[in-house]
Amino acid sequence: MLGKRIMALDYGSKTIGVAISDALQITAQGIETLQTNEAIKDFKIKRIKELVKEYDVEQIIVGLPKNMDNSIGFRGEATLNFVEILKNKIKSVEITLQDERLTTMGAERVLLEADISRKKRKQVIDKMAAVLILQTYLDTKK
């Protein structure tokens, strides 16, 4: 019998990249980029709940952007606020923070090396960052 999956979220003020593990929790696949609006508190919680149910998710990993000196800046504080909202709205899964320093840069590098156009990179960068967050987490679980 296959196990439950893990979801990763790369939270931003305008988008949330979403990645899901395979049922064996070995690999990560980007599945969606959600359009959000932090200013009006539109965090797409309903869609995240739908994905949790659809993919039988047992845990959500949220990338925490830290400064290089390990401090939490403005984006980190916004992410912590998002995580609190997520925890209050989705109680059926464990929600964990994962240090995501440099994941967006890493995702950009991967997409550049794959010769993806600038326009296309903008559309998939957050999803790719979520994949890197999740794959890093899965690799550290081994």
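Up top is the structure these notes are about.
None of these values were measured; they are calculated from a predicted model.

Let us look at the overall build of the protein chain. Tallying secondary structure elements over the protein chain gives four helices and five strands in all. The linear arrangement of helices and strands in the protein chain, starting from the amino end, is β-β-β-α-β-α-β-α-α. Over its C-alpha trace the protein chain gives a radius of gyration of 14 Å, about what one expects of a compact globule, namely 14 Å for 142 residues. With the C-alpha coordinates of the protein chain rotated into their principal frame, the extents come out at 40 × 35 × 30 Å. Expressed as a percentage of the 142 residues in the protein chain, the buried residues total 42%. Residue pairs in contact within the protein chain that sit at least 24 positions apart in sequence constitute 60% of those at least 6 positions apart. Summed over all atoms, the accessible surface of the protein chain reaches about 8,100 Å², with 53% contributed by carbon and sulfur. Across the protein chain, the centroid of the 24 positively charged side chains sits 4 Å from that of the 20 negatively charged ones.

This part takes up helix H1 (residues 45-54). One turn of the α-helix equals 3.6 residues, which is why residues spaced by three or four share an orientation. Ile45, Ile48, Leu51 and Val52 are the residues of H1 that are buried. End-on, the buried residues of H1 take up no more than an arc of 120 degrees, which puts them together on one face. Opposite its buried face, H1 presents the exposed residues Lys46, Lys53 and Glu54, each directed more than 90 degrees away. Considering only its buried residues, H1 is in contact with strand S1 (5-11), strand S2 (15-21), strand S3 (28-35), strand S4 (57-64) and helix H2 (74-89). Just past H1, the residue aspartate 56 takes up positive phi, approximately 55 degrees.

Looking now at the side chain of aspartate 126. When you line up the elements, aspartate 126 lands in helix H4 (residues 118-141). With a relative accessible area of 16%, aspartate 126 lands in the buried category. Beyond its immediate stretch of four places on either side in the chain, aspartate 126 contacts Asp10, Thr15, Gly17 and Thr33.

Right, let's get into the packing of H1 against H2. As a packed pair, H1 and H2 sit with axes 11 Å apart at the nearest point and diverge in direction by 60 degrees. The angle between H1 and H2 falls in the class oblique. The crossing of H1 and H2 is right-handed. Contact with H1, carried on its side by Ile45, Ile48 and Lys49, involves Phe82, Ile85, Leu86 and Lys89 of H2 and no other residues of that element.

A few words now on the sheet that holds S1. Taken in spatial order, the five strands make up an open sheet running S3-S2-S1-S4-S5, and their pairing is mixed. Because the sheet does not close on itself, it has two edges, and the strands there are S3 and strand S5 (94-99). Between one strand axis and the next, the sheet turns by 25 degrees as a mean value, whatever way the strands run. Most of the contacts of H1 go to S3, to which it runs at about 155 degrees, and overall it touches S1, S2, S3 and S4. The strands that H2 touches are S1, S2, S4 and S5; relative to S4, the one it contacts most, it runs at about 160 degrees.

Across all of its chains, the model carries five salt bridges by this definition. Here lysine 4 and aspartate 56 are joined by a salt bridge, their closest N and O atoms 2.8 Å apart. You can see lysine 4 sitting in the segment before S1 and its partner aspartate 56 sitting in the loop between H1 and S4, a full 52 residues away along the chain. In this structure, a network of salt bridges that share partners links the residues Glu32, Arg47 and Glu50.

About the criteria used
Residues numbered from 1 in each chain as written. Predicted model: local features only at pLDDT ≥ 70, side-chain atom pairs only at ≥ 80, totals over all residues. Heavy atoms only, no water. Helix = DSSP H or I, 4+ residues; strand = E, 2+ residues; numbered from the N terminus. Rg over C-alpha atoms; globule rule 2.2 N^0.38 Å. Buried < 20%, exposed > 50% of the residue type's maximum accessible area, 1.4 Å probe, protein only. Contact = heavy atoms within 4.5 Å. Areas by Shrake-Rupley, 256 points an atom, 1.4 Å probe, with all protein chains shown as cover. Lys, Arg positive; Asp, Glu negative; His and termini not counted. Charge placed at Lys NZ, Arg CZ, Asp CG, Glu CD. Arc of directions from axis to C-beta. Axes fitted to C-alpha atoms, helices over the stretch in contact; angles between N-to-C directions. Parallel < 35°, antiparallel > 145°, perpendicular 65-115°, else oblique. Left-handed = near helix turned anticlockwise from the far one by under 90°. Pairing = 2+ DSSP bridges. Salt bridge = Lys/Arg side-chain N within 4 Å of Asp/Glu carboxyl O.

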